[in-house]
Amino acid sequence: MKALIVLAHQKGEGSFCYALAQMARETLLEQGWEVIWKDLYAEHFDPVLTEEELSLPMEAVSGKLREEIAEVMEASLYVVIHPNWWGMPPAILKGWIDRVIRQGFCYAFTEKGPVRKLEGHRAVVFTTGNTPPEIETNVNGDPLENLWKNIVFKTVGVDDCVRLNFASVILSSPTQRQEWLEEARAVLLKKAVSSDVNV
């Protein structure tokens, strides 16, 4: 069983996102999962999708990019953690989606319609923010919920996706953050121990 954790927060260990990612790694390892850990800022991931890279046929994709794509294809559980920046993920994470969740590998378009190549896989998304939840949902329309569930994961076949948003982090107490970690752990455990996760 392989799980891919993707963390995108520029403060690294100083952020609540990092605490969520650490909790996820520890929880999954305890449950016997092999964990692939990606801290995009720590790895200095290049988010720029160039014209040259975009034009590469599948068989010509190689090197580090091919490794990144293979990690996605091999994992059956995805855990994505990032802050809410203007209703979007940080640019480094959007670039990771652009370059790694690649057409031809994770999904394809055919004359008969799209082919979703990650059918049966699962995802958990943890986001953090400072916008009050009622404003994020009722005024902003919760764009990250739509992005991850409908635009990214549903496109590639991951229909089983749950997202938790924790806000307002800037106003939260240590007790509140610990409660959030426990809430996140409980949701992750449900995914980690289910017997019908594709492995």
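In the block above lies the structure referred to throughout.
Residues numbered from 1 in each chain as written. Predicted model: local features only at pLDDT ≥ 70, side-chain atom pairs only at ≥ 80, totals over all residues. Heavy atoms only, no water.

A count of helical and extended segments in the protein chain gives 7 helices and 7 strands. Listing each helix as α and each strand as β along the protein chain from the N terminus yields β-α-β-α-α-β-α-β-β-β-α-α-β-α. Over its C-alpha trace the protein chain gives a radius of gyration of 17 Å, about what one expects of a compact globule, namely 16 Å for 199 residues. In terms of principal-axis extent, the alpha carbons of the protein chain reach across some 50 × 35 × 35 Å. Out of the 199 residues in the protein chain, the part that is buried amounts to 47%. Of the contacts made within the protein chain by residues no fewer than 6 positions apart, 79% connect residues no fewer than 24 positions apart. Taken as two groups, the 20 positive and 28 negative side-chain charges of the protein chain have centres that lie 3 Å from each other. (Helix = DSSP H or I, 4+ residues; strand = E, 2+ residues; numbered from the N terminus. Rg over C-alpha atoms; globule rule 2.2 N^0.38 Å. Buried < 20%, exposed > 50% of the residue type's maximum accessible area, 1.4 Å probe, protein only. Contact = heavy atoms within 4.5 Å. Lys, Arg positive; Asp, Glu negative; His and termini not counted. Charge placed at Lys NZ, Arg CZ, Asp CG, Glu CD.)

Take a nonpolar patch on the surface next. Together, Trp85, Trp86 and Met88 make up a nonpolar patch on the protein surface, roughly 440 Å² of accessible area in all. Note on placement: Trp85 falls in the loop between strand E3 (77–83) and helix H4 (91–100). You can call Trp85 partly exposed: its relative accessible area is 32%. (Patch = residues over 30% accessible without salt bridge, like charges linked within 9 Å, V, L, I, M, F, W, Y side chains within 5 Å. Areas by Shrake-Rupley, 256 points an atom, 1.4 Å probe, with all protein chains shown as cover. Salt bridge = Lys/Arg side-chain N within 4 Å of Asp/Glu carboxyl O.)

The terminal C-alpha atoms of helix H6 (residues 143–156), which comprises 14 residues, lie 19 Å apart, in line with the 20 Å expected from a rise of 1.5 Å per residue. Of all the positions in H6, only Leu144, Leu147, Trp148, Val152, Phe153 and Val156 are classed as buried. The buried side chains of H6 occupy one side of the element, clustering within an arc of 105° when seen end-on. Lining the buried residues of H6 we find E3, H4, strand E4 (107–110), strand E5 (113–116), strand E6 (122–128) and strand E7 (160–166). Looking one or two places after H6, you find Gly157, whose phi comes out positive at around 110°. (Expected span 1.5 Å × (residues − 1). Arc of directions from axis to C-beta.)

Cis rather than trans, the peptide bond between Ala167 and Ser168 has omega equal to 0°. Turning to its location among the elements, Ser168 is positioned in the loop between E7 and helix H7 (174–193). The phi dihedral of Trp86 falls on the positive side, at around 55°, and the residue is not glycine. Despite not being glycine, Asp142 shows a phi value in the positive range, around 50°. Relative to the assigned elements, Asp142 resides in the loop between helix H5 (133–138) and H6. The exposure class assigned to Asp142 is buried, which follows from its relative accessible area of 17%.

A side chain of one charge can pair with a side chain of the opposite charge when the charged atoms of the two come close. Evaluation of the coordinates by the stated rule reveals 16 salt bridges. Here Glu145 ties to Lys149 by a salt bridge, and the two come within 2.9 Å at their closest N and O atoms. Note that Glu145 and Lys149 are positioned in helix H6 at a spacing of 4 residues, about one turn of the helix. Overall, Glu145 belongs to the partly exposed group, its relative accessible area being 23%. Among the ionic contacts, a cluster of salt bridges with common partners joins Lys38, Glu43, Lys64, Glu68 and Glu71.

Here helix H3 (residues 63–74) is 12 residues long and its end C-alpha atoms lie 17 Å apart, about the 16 Å a rise of 1.5 Å per residue gives. Of the surrounding elements, those touching the buried residues of H3 are strand E1 (2–7), strand E2 (34–39), helix H2 (51–54), E3 and H4.

For Met88, the position within the fold is in the loop between E3 and H4. Beyond its immediate stretch of four places on either side in the chain, Met88 contacts His82, Pro83 and Leu144.

Looking at the secondary structure, you find Phe126 in strand E6. Separated by 119 residues in the primary sequence, Phe126 and Leu7 have C-alpha atoms spaced 9.6 Å apart. With sequence-adjacent residues up to four places away left out, Phe126 is seen in contact with Leu20, Met23, Val79, Val80, Ile81, His82, Leu164, Phe166 and Ala184.

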